[in-house]
Amino acid sequence: SMPRALCRKFSPPQKVGYKSFDGTLIQGYVYRPQKQPPGPGPAIIEIHGGPVDQFRDTMHVVVQYYVQRGYTVLMANIRGSAGYGKNFEELIKTGWGVDDLKDLVEGARYMVDSGLADPNRIGATGQSYGGSMSMEIACSAPQGLFQASISRTGYADWGYYHKHGSQRTVKLLRHSLGEFDDNEALYDVSAALNKVKNAQTPVFVIDQET
């Protein structure tokens with residue numbers, strides 16, 4: 001439960017679902033400003049980390065920050081997310097930033113078709129894997145569907161990360177994409193850096209030096 005005074009400040013989410021390109025049901029949450037515009041307004045797609053993670057029924061302070069400033073926010077549990085069964089988790093074995101990216105593309109189209117988003121004012125952002133997907137949006141999403149993307153501590157080259165990254169994530173890469181020496185092409189197709197020449201969407205990359 002939430003104190004009444006906070007209820008007046010925070011927007012509750014609506015659970016939603018939409019069909020992706022191959023008929024897969026993608027579930028998630030939509031947050032809307034309390035003072036909604038008369039028509040479709042600006043929207044943000046927030047992408048979780050992982051990829052084996054999920055958005056849950058809990059407080060998302062950053063999302064509330066966006067909503068209080070007039071943005072509608074979609075948080076979609078795209079394929080690869082936890083909580084929907086092993087088969088759903090393993091749907092990203094075709095590569096990261098491939099079919100999971102298409103889930104985000106269909107999420108943006110769902111927002112427009114539902115009257116939730118102005119088609120000329122849609123952005124995307126996420127952290128870690130979500131940051132990597134934000135780079136993928138900048139490089140590979142249909143031109144004009146997103147107007148901006150912000151990558152927060154994402155990784156642009158999983159082949160390089162496999163050699164130099166943390167062992168925890170390297171083990172996840174091996175589980176999802178296989179051993180690097182046997183699946184180098186799959187690592188290449190999952191790397192946004194290899195697609196940067198196709199980038200059409202402005203992207204702001206936030207990272208840190210260690």
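Chemist: I'd like a description of the side chain of E136, backed by residues and values.
Modeler: Relative to the elements of secondary structure, E136 occurs in helix 5 (residues 129–140). Once you skip the residues sitting within four places of it in the chain, E136 turns out to touch W96, G97, L101, A141, S190, A191, A192 and K195.

Chemist: Describe the pattern of salt bridges, listing the residues and the values that go with them.
Modeler: Per the counting criterion, the structure on display carries 9 salt bridges. In this structure, R79 and D103 form a salt bridge, with 2.8 Å as the shortest nitrogen-oxygen distance. A residue pair is termed long-range when its members are at least 10 positions apart, and R79 in the loop between strand 4 (72–77) and helix 3 (86–89) and D103 in helix 4 (residues 99–113) qualify at 24 residues. With a relative accessible area of 1%, R79 lands in the buried category. Linking R109 and E106 is a salt bridge whose minimum nitrogen-to-oxygen distance equals 3.0 Å.

Chemist: How would you summarise a nonpolar patch on the surface if you had to cite specific residues and measurements?
Modeler: A grouping of I150, F204 and I206 is seen on the molecular surface, where their side chains present a nonpolar patch of about 260 Å² in accessible area. By relative accessible area, which is 36% here, I206 ends up partly exposed.

Chemist: Break down the packing of helix 4 against helix 5 for me, with residues and values.
Modeler: Across the interface, helix 4 lies against helix 5 with an axial gap of 10 Å and an inter-helix angle of 75 degrees. On the basis of their axis angle, the class for helix 4 and helix 5 is roughly perpendicular. Facing helix 4, whose interface residues are D100, L101 and L104, helix 5 presents Y129, M133, E136, I137 and S140. Partitioning the contact of helix 4 with helix 5 into residue classes produces 5 nonpolar, 1 polar and 2 charged.

Chemist: Lay out the pairing of strand 1 (residues 14–19) with the relevant residues and their values.
Modeler: Judged from the 6 bridges that link them, strand 1 and strand 2 (residues 25–31) form a sheet pairing that is antiparallel. Looking at strand 2, one finds that K15 is bridged to Y29. Remark: 5 residues form the turn of the hairpin made by strand 1 and strand 2, two consecutive strands paired antiparallel; G23 in that turn has positive phi of roughly 90 degrees.

Chemist: Which residues make up the pairing of strand 4, and what values go with them?
Modeler: Within strand 4, 6 of the 6 residues are buried, leaving the element largely enclosed by the surrounding structure. Direction of pairing for strand 2 relative to strand 4: antiparallel, over a ladder of 5 bridges. Looking across to strand 4, one finds that G28 is bridged to A76. Two strands pair when backbone bridges link them, and strand 3 (residues 41–47) and strand 4 are joined in this way by 4 bridges, in the parallel orientation. Bridge pairing in strand 4 links I45 to L74. With helix 2 (residues 61–68) bridging strand 3 and its parallel neighbour strand 4, the resulting β-α-β unit is right-handed.

The rules behind each value
Residues numbered from 1 in each chain as written. Predicted model: local features only at pLDDT ≥ 70, side-chain atom pairs only at ≥ 80, totals over all residues. Heavy atoms only, no water. Helix = DSSP H or I, 4+ residues; strand = E, 2+ residues; numbered from the N terminus. Contact = heavy atoms within 4.5 Å. Salt bridge = Lys/Arg side-chain N within 4 Å of Asp/Glu carboxyl O. Buried < 20%, exposed > 50% of the residue type's maximum accessible area, 1.4 Å probe, protein only. Patch = residues over 30% accessible without salt bridge, like charges linked within 9 Å, V, L, I, M, F, W, Y side chains within 5 Å. Areas by Shrake-Rupley, 256 points an atom, 1.4 Å probe, with all protein chains shown as cover. Axes fitted to C-alpha atoms, helices over the stretch in contact; angles between N-to-C directions. Parallel < 35°, antiparallel > 145°, perpendicular 65-115°, else oblique. Nonpolar A, V, L, I, M, F, W, Y, C, P; charged D, E, K, R; others polar. Pairing = 2+ DSSP bridges. Right-handed = clockwise from strand over helix to strand, strands pointing away.

Purely spatial values, then, with no claim about function.
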